[in-house]
Amino acid sequence: MLRILIFSVFVGIVLFTAPMLGLGQYVHAEKWFILTFFVAVSYLNHLLMQMGFANDREKFVPFYMASIGFRLILSVCFIGTFIYLKTPDIYTFIADFFVLYLFYTGFEIYGLYRNLRHFS
């Protein structure tokens, strides 16, 4: 969990400094909501993976697939909510969301491979 928090702080620093570096047009104003969403989903995913590891190693794959489905459903609901609220510059919002989605998914897969390397 500490790695997720460190990664989130790094992403927060990048989002904070982007307008100062002249990249403000590529970062949506609701960037902190997006980052908070991913931190919360990563925390829930971490708890779900801990349950998968703790109870029975054979149930790990269903727990992992459930976490992927859970993240996808939450992401669609999150984007749908902002579309319904008629957020200005929605295309930048969706682009920023999916960039962070890919970063967090890649970081999760990296952490998963790192943890599973001990069991192979």
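Before reading further, recall that the structure is shown in the block above.
Residues numbered from 1 in each chain as written. Predicted model: local features only at pLDDT ≥ 70, side-chain atom pairs only at ≥ 80, totals over all residues. Heavy atoms only, no water.

## Details of the overall build of the protein chain
Alright, step 1. On a plain count of helices and strands, the protein chain comes out with four helices and zero strands.
Alright, step 2. Listing every helix and strand of the protein chain by position from the N terminus yields α-α-α-α.
Alright, step 3. Put simply, the protein chain has 120 residues, and 35% of those count as buried.
Alright, step 4. The contacts of the protein chain with a sequence gap of at least 6 include a subset with a gap of at least 24, amounting to 69%. (Helix = DSSP H or I, 4+ residues; strand = E, 2+ residues; numbered from the N terminus. Buried < 20%, exposed > 50% of the residue type's maximum accessible area, 1.4 Å probe, protein only. Contact = heavy atoms within 4.5 Å.)

## Some remarks on the pattern of salt bridges
Alright, step 1. What the rule picks out here adds up to one salt bridge.
Alright, step 2. Residue arginine 71 is joined to glutamate 108 by a salt bridge in which the shortest nitrogen-to-oxygen separation is 2.1 Å. Of the two residues, arginine 71 sits in helix H3 (residues 60-84) while glutamate 108 sits in helix H4 (residues 90-116), which places them 37 residues apart along the sequence. Each of the two residues, arginine 71 as well as glutamate 108, counts as buried. (Salt bridge = Lys/Arg side-chain N within 4 Å of Asp/Glu carboxyl O.)

## Section: the nonpolar core
Alright, step 1. Counting residues in each nonpolar core, the largest one holds 19 residues, and the members touching the most others are Ile34, Phe38, Phe78 and Phe97.
Alright, step 2. Secondary-structure elements contributing two or more residues to this core are helix H1 (2-17), helix H2 (31-55), H3 and H4.
Alright, step 3. Setting aside residues up to four positions removed in sequence, phenylalanine 38 forms contacts with Phe97, Leu100, Tyr101 and Tyr104.
Alright, step 4. Residues Met49, Phe53, Phe60 and Phe63 belong to the second largest nonpolar core, which totals six residues. (Core = buried A, V, L, I, M, F, W, Y, C linked by side-chain atoms within 4.5 Å.)

## Examining the layout of surface pockets
Alright, step 1. Considering only enclosed or pocket space, the second largest pocket measures out at about 230 Å³ in volume.
Alright, step 2. The wall of the second largest pocket is formed by 13 residues, among which Val14, Leu15, Val99, Leu100 and Phe103 lie closest to the centre.
Alright, step 3. At the level of secondary structure, the elements contributing two or more residues to the lining of the second largest pocket comprise H1, H2 and H4.
Alright, step 4. The dominant element in the lining of the second largest pocket, judged by the number of residues it contributes, is H1, at five residues.
Alright, step 5. Tallied by class, residues from the lining of the second largest pocket come to 11 nonpolar, no polar and two charged. (1 Å grid on protein atoms, 1.4 Å probe; cavity = no way out; pocket = protein on both sides within 12 Å on 5 of 7 lines; lining within 4 Å. Points joined across faces, edges and corners; volume = space filled by probe spheres on them. Nonpolar A, V, L, I, M, F, W, Y, C, P; charged D, E, K, R; others polar.)

## Overview of a nonpolar patch on the surface
Alright, step 1. Together, Phe16, Met20, Leu21, Leu23, Tyr26 and Trp32 make up a nonpolar patch on the protein surface, roughly 710 Å² of accessible area in all.
Alright, step 2. Looking at the element boundaries, leucine 21 is found in the loop between H1 and H2. (Patch = residues over 30% accessible without salt bridge, like charges linked within 9 Å, V, L, I, M, F, W, Y side chains within 5 Å. Areas by Shrake-Rupley, 256 points an atom, 1.4 Å probe, with all protein chains shown as cover.)

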